[in-house]
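Next come the chains, spelled out residue by residue.
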Amino acid sequence: MRQIDPSTLDRRIRYYGFLVFGFILIALFYRFMGNNLLFQLGNPPLKNPGIDNTYWLLHLLSIPQILMEFNLLKYIVDFLLLFFTFISLVAYIKRPSAISLFIVLFIYLITVQSYTANQNKTSVALLLMVIPFMVKQEHFFYIWEALRYYLLFMIGSSGIYKLINGALFSAGHFSDVLFLQHTDLMVMNPEHFSLVLSKPFIENGFLGTLAFFIVFLVQTSFIVGFFTKKFDKLLFVSLYAFFILTYLFMRIQNFEFLILGFTLLKSRDVNFTHTWE
């Protein structure tokens, strides 16, 4: 097993840290623009923790309720989110700030998603990508590699499920999905760019089926990542292209999930390296 010296290991981790925490800063700014920080929620009277046991546990501890009751706490949590993210981005020693960021981000996500009744599961990607920076440097790449395989499984299995559940061989399936996705635009805004782009695939069943088959091929192509890293850069481009097209054609926004794509960058340099004693 190849070894690398501590300085090289540190440079690699700092490189990944710049990508991850820089992305989280952008995600927080995006949430600010969408009025999704705690101080922007006001005092919502209703909450919906869904059926997730983790959400229920935090609500049983009354943590989200307390945050929503005191406006000052909302500002404090939002400030700590920005503070620990920025410190993690620029600090030489990342573990304390990364652990603090994970805790605050965990509480923030559950609180805001409970009171907006919008449990966007892709947001968990932000939490997952903080974990490698919470452990010792010699353990960093073990978790980083695990997240890479998690990404490959998530995308690859999506393609496999299309085959298993028969959707791939269901004539007009994707055309019907696009139709249902845009029924509101057909009534309220027929000139919307997403509807304009999707119309040919809605009206032509063959084009819809062809597009769905291409989606299947792109998603299942991620399975190759389990066997080799030679195509990781191509998979990275495919990941971002796929989610851009998903937003353009279906208005499905999974921006925060893209942070997992960083595990595909320079992945051939990651070989479970150990530092010199």
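See the structure printed just above.
Keep in mind that what you see is a predicted model, and the values were worked out from it rather than measured.

> What exactly am I supposed to notice about the overall build of the protein here?
Looking only at helices and strands, one finds 12 helices and 2 strands in the protein. Element order for the protein, N to C, with α for helix and β for strand: β-α-α-α-α-α-α-α-α-α-α-α-α-β. Overall, the protein is about 60 × 55 × 30 Å in size when its C-alpha atoms are taken along their principal axes. For the protein, with 277 residues in total, the buried portion stands at 43%. Sequence-distant contacts in the protein: of pairs separated by 6 or more residues, those separated by 24 or more amount to 76%. For the protein, the accessible surface area stands at approximately 14900 Å², while carbon and sulfur atoms represent 70% of it. Put simply, the protein has 20 plus and 15 minus side-chain charges, and the middle of one group is 6 Å from the middle of the other.

> Sorry, what's going on with helix H11 (residues 205-220) here?
Residues spaced three or four apart along an α-helix face the same direction, because each turn holds 3.6 residues. Its 16 residues place the ends of H11 22 Å apart at the C-alpha level, agreeing with the 22 Å of an ideal helix rising 1.5 Å per residue. If you check which residues of H11 are buried, you get Gly 208, Ala 211, Phe 212, Val 215, Phe 216, Gln 219 and Thr 220. Across the axial projection of H11, the buried residues extend over an arc of 165°, all falling on one side. At its buried positions, H11 is contacted by helix H7 (137-164), helix H8 (173-181), helix H10 (193-203) and helix H12 (232-250). Near the N-terminus of H11, the side chain that reaches the backbone nitrogen of Phe 206, with its oxygen 3.0 Å away, is that of Asn 204.

> Would you mind showing me how to read the environment of Leu 152 here?
Mapped onto the elements of the fold, Leu 152 is located in helix H7. Under the relative-accessibility criterion, Leu 152 is labelled buried at 0%. With 104 residues separating them along the chain, Leu 152 and Asn 48 place their C-alpha atoms 31 Å apart. For Leu 152, the residues in contact, after removing those within four places along its chain, are Ser 157, Phe 222, Gly 225, Phe 226, Leu 235 and Leu 264.

> What is the right way to read unusual backbone geometry from this model?
Most peptide bonds take the trans configuration, and most residues that are not glycine carry a negative phi. A positive phi angle, near 55°, is found at Asn 35, a position not held by glycine. In this structure, Asn 35 sits in the loop between helix H1 (6-33) and helix H2 (53-60). The partly exposed category is assigned to Asn 35, whose relative accessible area is 47%. With a phi angle near 65°, Ser 62 is a residue other than glycine that sits in the positive phi range. Assignment of secondary structure puts Ser 62 in the loop between H2 and helix H3 (63-69).

> Explain the side chain of Thr 111 to me, please; I cannot follow it from the model alone.
Along the chain, Thr 111 turns up in helix H5 (residues 95-115). Side-chain polar atoms of Thr 111 contact the backbone oxygen of Ile 107, separated by 2.8 Å. Apart from residues no more than four positions distant in its own chain, Thr 111 is found in contact with Leu 38, Pro 64, Leu 67 and Met 68.

> Looking at this model, I keep getting lost on the packing of H8 against H11. Mind explaining?
Geometrically, a packed helix pair is captured by the angle between its two axes and the distance between the axes. Interaxial distance between H8 and H11 falls to 7 Å at its minimum, and their mutual angle equals 95°. The angle between H8 and H11 places the two elements in the roughly perpendicular class. Where H8 approaches H11, its residues His 173, Phe 174 and Ser 175 are matched on the opposing element by Gly 205, Gly 208, Ala 211 and Phe 212. A breakdown of the residues in the contact of H8 with H11 according to their chemical character gives 3 nonpolar, 4 polar and no charged.

> Sorry, what's going on with the pattern of salt bridges here?
Side chains that carry opposite charge are capable of pairing whenever their charged atoms lie near each other. One pass over the full model with this rule turns up 4 salt bridges. Between Glu 256 and Arg 31 there is a salt bridge whose closest N-O contact spans 2.7 Å. Placement of Glu 256 in the loop between H12 and strand S2 (274-275) and of Arg 31 in helix H1 is noted, with a sequence separation of 225 residues between them. Under the relative-accessibility criterion, Glu 256 is labelled buried at 7%. The residue Arg 251 makes a salt bridge to Asp 184 at a minimum N-O spacing of 2.9 Å. Of the two residues, Arg 251 sits in the loop between H12 and S2 while Asp 184 sits in helix H9 (residues 183-188), which places them 67 residues apart along the sequence.

What counts, and where the lines are drawn
Throughout, residues of each chain are indexed from 1 in the direction in which the sequence is written. Given that this is a predicted model, residues contribute local features only at a pLDDT of at least 70 and side-chain atom pairs are listed and counted only at 80 or more, while totals for whole chains, interfaces and linings are drawn from all residues. Derived side-chain values reflect all non-hydrogen atoms in the structure, with water molecules and hydrogen atoms excluded from consideration. Secondary structure counts use DSSP, requiring at least four H or I residues in a row for a helix and at least two E residues in a row for a strand, with both numbered from the N terminus. For each residue, the accessible area found with a 1.4 Å probe, counting protein chains only, is set against the maximum for its type, and the residue is called buried under 20%, exposed over 50%, and partly exposed in between. Contacts are assigned to residue pairs with any non-hydrogen atoms lying within 4.5 Å of each other. Using the Shrake-Rupley algorithm and a 1.4 Å probe, accessible areas are obtained, with residue cover drawn only from the displayed protein chains. Under the convention used here, Asp and Glu are negative, Lys and Arg are positive, and both His and the chain ends fall outside the count. Working definition for charges: the position is that of NZ of Lys, CZ of Arg, CG of Asp or CD of Glu. Expected helix span is taken as 1.5 Å per residue step, with the number of steps being one fewer than the number of residues. What the arc measures is the spread of directions leading from the helix axis to the C-beta atoms. Under this definition, polar contacts are N or O atom pairs within 3.5 Å; protein pairs additionally need one hydrogen-donor-capable and one acceptor-capable atom, and for neighbouring residues in sequence, both atoms have to be side-chain atoms. Helix axes are fitted only over the stretch in contact, all axes being lines through C-alpha atoms; the angle between N-to-C directions runs from 0 to 180 degrees. Here the word oblique covers every angle except those under 35 degrees (roughly parallel), over 145 (roughly antiparallel) and from 65 to 115 (roughly perpendicular). Under the scheme applied, nonpolar residues are Ala, Val, Leu, Ile, Met, Phe, Trp, Tyr, Cys and Pro; charged residues are Asp, Glu, Lys and Arg; polar residues are all the others, including Gly. The salt bridge definition used is simple: a Lys or Arg side-chain nitrogen within 4 Å of an Asp or Glu carboxyl oxygen.

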